[in-house]
Amino acid sequence: MTGRNGWARFVGFKMLRLVSLLVGVSVLSFILMQFSPVDPIEAYIGGDMIRVSAEQRSLIEERWGLNESPTERLLTWGQALIQGDLGTSMIYRQPVADIIQERFMNSVALMAVAWLLSGIFGFALGVVAAMRRDSKLDRLICWYCYTLASTPVFWIALLLLMVFGVWLGWLPVGLGVPAGMSADQVTWGDRAIHMILPALTLSLTGVASIALHTRQKLTDVLESDYILFARARGEHGFQLFRRHGFRHVVLPAITLQFASFSELFGGAVLAEQVFSYPGLGQATVQAGLRGDAPLLLGLVMCSAIFVFTGNMVADILYRMIDPRMKEELMS
Amino acid sequence: MGRFSWRWGKRKVRTGLGILLVCSIGLSGCAQGTAPATSSAENGQPGTTSTKDELVLAVGTEPEGGFDPTTGWGQYGSPLFQSTLLKRDAKLQLVNDLATTYSVSEDGLTWTVTLRDDVKFSDGEPLTAEDVKFTFETAAKSGSVIDLTNMADVQAPDDRTVVFTLKSPQSTFISLLTTLGIVPEHAYGADYAEHPVGSGPYKLVQWDKGQQAIVEANEEYYGNKSAFHKLTFLYLDEDAAYAAAQAGTVDIAAIPAAFSKQQVNGMTLEAVKTVDNRGIMFPMQPAGAKSGDGLPAGNDVTSDLAIRQAVNVVIDRKALVEGVLEGYGRPAYSVSDDLPWSNAEAVFTDANLEEAKRILASGGWVDADGDGIVEKNGVKAEFNLLYFAGDLTRQSLALAAADMVAPAGIKINVEGKSREETKKLAYSNAVLFGWGSHDPLETYNLYSSTHKGEGYYNVGLYSNPVVDSWMDKALQATSEEDALPFWQKAEWDGTTGFSYQGDAPWAWLVNIDHLYLVTNGLNIGEQQIHPHGHGWPVTTNLEEWSWDNSTK
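Residues numbered from 1 in each chain as written. Chains lettered and ligands numbered in written order. Predicted model: local features only at pLDDT ≥ 70, side-chain atom pairs only at ≥ 80, totals over all residues. Heavy atoms only, no water.

Along its length, chain B carries 13 helices and 25 strands. Burial statistics for chain B: of 552 residues in total, 60% are counted as buried. Taking the contacts inside chain B whose residues are at least 6 apart along the sequence as the reference set, 70% of them involve residues at least 24 apart. (Helix = DSSP H or I, 4+ residues; strand = E, 2+ residues; numbered from the N terminus. Buried < 20%, exposed > 50% of the residue type's maximum accessible area, 1.4 Å probe, protein only. Contact = heavy atoms within 4.5 Å.)

Right, let's talk about the pattern of salt bridges for a bit. Residues and elements named next belong to chain B. Taken as a whole and assessed by the stated rule, the structure comprises 23 salt bridges over all chains. E526 is the salt-bridge partner of K91, the closest N and O atoms lying 2.6 Å from each other. Of the two residues, K91 is situated in the loop between β2 (86-88) and β3 (94-96) and E526 in the loop between β24 (522-523) and β25 (546-547); the sequence distance between them amounts to 435 residues. On the basis of relative accessibility, which here comes to 54%, the residue K91 falls in the exposed class. With a closest N to O distance of 3.3 Å, E137 and K133 form a salt bridge. Of this pair, E137 and K133 both sit in helix α3 (residues 129-141), 4 residues apart, which is roughly one turn of the helix. Judged by relative accessible area, K133 falls into the buried class, the value being 17%. (Salt bridge = Lys/Arg side-chain N within 4 Å of Asp/Glu carboxyl O.)

In this model, S276 of chain A sits at a positive phi of 50°, which is unusual for a non-glycine residue. With respect to the helices and strands, S276 of chain A occurs in the loop between α11 (261-274) and α12 (280-289). Residue class for S276 of chain A comes out buried when judged on its relative accessible area of 3%. Here the phi dihedral of A351 of chain B falls at roughly 55°; this positive angle occurs in a residue that is not glycine.

What follows concerns the confidence of the model for chain B. Residues and elements named next belong to chain B. With 89% of its residues at a pLDDT of 70 or more, chain B has an overall mean of 85. Within the model, the stretch residues 1-50 combines pLDDT values under 50 with 100 contacts to residues more than four positions away or in other chains. Reported confidence for the predicted complex is 0.74 by ipTM and 0.78 by pTM. (pLDDT = per-residue confidence, 0-100.)

Another point: the nonpolar core. Of all hydrophobic cores here, the largest spans 95 residues; its most connected members are L295 of chain A together with L236 and V250 of chain B. Element by element, the count of residues in this core is highest for helix α13 (residues 293-321) of chain A, at 12 residues. Residues contacting L295 of chain A, with those up to four places away along its chain left out, are S89, I91, Y92, V96, I99, A283 and A287 of chain A. Residues I315, A356, A381 and V510 of chain B belong to the second largest nonpolar core, which totals 42 residues. (Core = buried A, V, L, I, M, F, W, Y, C linked by side-chain atoms within 4.5 Å.)

Right, dumping it as structure tokens:
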């Protein structure tokens, strides 16, 4: 009984935080957009500036509600939002919800693959490095992680693009589907091949933090008294890790992995840009550069929910995996 | 102003990316030999190519708003899926498209267009005058970049006749007839931009947003059929487009001049002449004036004719083309070089230091204190030249121009500013701007006193009643041909004008070539002089493109 109540309270509390987070984030983004030097009308007119008279300019302002005061615009937007309407994107001239939905499907697959890969490989590398501490292998892994941690995502993306796309010609240089192929001919294999490079980029950079943290945590564990005791009983190698190390290091790793949703999202923006991959990142860049307030706010909220979900899942998993946390919650 | 607005923010990142890419692709030159055979290598061989009726193009950015002409699609290049009433040929002469004839009333207010009667939309329905009326009315209401504020009314008295009524005479109204694609009233709806139906040479088969558009020849098209049945437009950044060309994925790719030195296997570099120009705009009023928005305007140095003419005449435009544009460009002497409405007499001999010194001396500018900078009434010949920070070409042009005018005794301080800052400072500082359009209305907007201090129009607050009257005559002319001499006279009528010989409110520097990597053997026909904005204009003459078996 208390358990169910505890969970209900937990979820309720989280929801409350999510709502306040969304309100805060959208208001803040809106204010930032007001201070942004991008003039949405100019960005909208773009190349055709010369053809547009002052009269036409005010027509455009009116059409997109840009002649209203910022507060009015925010309120109008908020009211529509409560009724489930995210507004219409200025640049895509489509409902924001449609754009996000379409883009999300592409991005989510990309990010999921990258996330799984970086989690599994990062954890494995961290464990190996800690178990073989100060060996050549450990140093190699550390060097690799430090190098990657200090490398910008777009640079890795370009490197991969050049090597595998241009020099070797093994993989496509961009896009999410083969050029010129009609939709019904595109197979899952095609999509997967186009996803390899962006996903590899994202997971390569994601590996570093999880590997280094896992290594540190496992090193601490290995220096503890109970490990000394276990060693004294003759346990060693994988057995030692499985019996006494795994539970200790998997928790921080999982938390970190879910908490890395924000980096994942940020990385996707850059990787998608380099590979012309039609995901949320590409749309975010466009919306930001062209002062498309409705689209940017929609994307900001979407990414806030995404990151929030990551953190919440980490919390819940923590409670499920570690019984001590569960008791804390129930009491 | 080109397509800057949606690119500029990216510029810094993109420049970085570009440099990296160029460096690394430079290295790849050695690896090319070992690379597996790519499709472009095969394309390069005559015989195998003559049957290929599909092309992959990376020539421009995605029209995110979709393919609806009433909201701006087709303003550059051809609308592809729709046809226009008139169009411009390779020499920029007007030719009929949907129209068979058109006439303008004596007072310039009534335009009557007669349509062909054999035109069908790609869904098989006939195109009538009602559709034209519907298109113009929709465009006028759309709150988009199509400026129809001067159109009072449009009527379709019968199936083949359309009558436009204007609020005031406007000979440049013709540009709307050449750029606005006609949409079908019966098939127009909320999702038209994604599923366009039109009477153009191609129809849209599939649009993968953020990636590509696949188009196929329109069987119902009344005009010359293109040699290519299917086209795929990839929406790639310039860097990615270049990588795609290297990888042999595309048949034609638009590239920036920075990449022009690199060879790409199986592809040839084609440079297309443009009026995509860059020039220095001078504030024309003495300091202390105010712009329309109440911003400080005017500059005591640039408001002096001798300074403006000296800057104009001392700059070596050929050297700018060679040095900054890698040779891909040509000197600019006006906003509309080689377009029908530009005045050939306004061209002058530049790189002439002696002439600059003479002009300055006779204007009263002398270097009395021997610091290398001339003065007049205690004012030093020194002013700022602003450019949009992050635009490498503009930066290089500004710096090179400043170096070139220094020997004449004029000191230019070059400063990179954001667009917002520039907008505020432009009324009182010289700015490196870029224009270039197939519409003489641009000339009007830049030089007429009507548009003084309005946004980016006539930022220098230039005003010359004689020029104004010539341009008003040009607008009131009933045909483009009749208007031409007036436009030319506004530039230079023998005594005054906005050319170097006249008031010299600008020092035009260069016209930048548009560069395309084209698969060997692909002939892209005779290209028009492109307007400002890279990419889409190349598709204007798609029906002329063909495989040329004689080239290897």
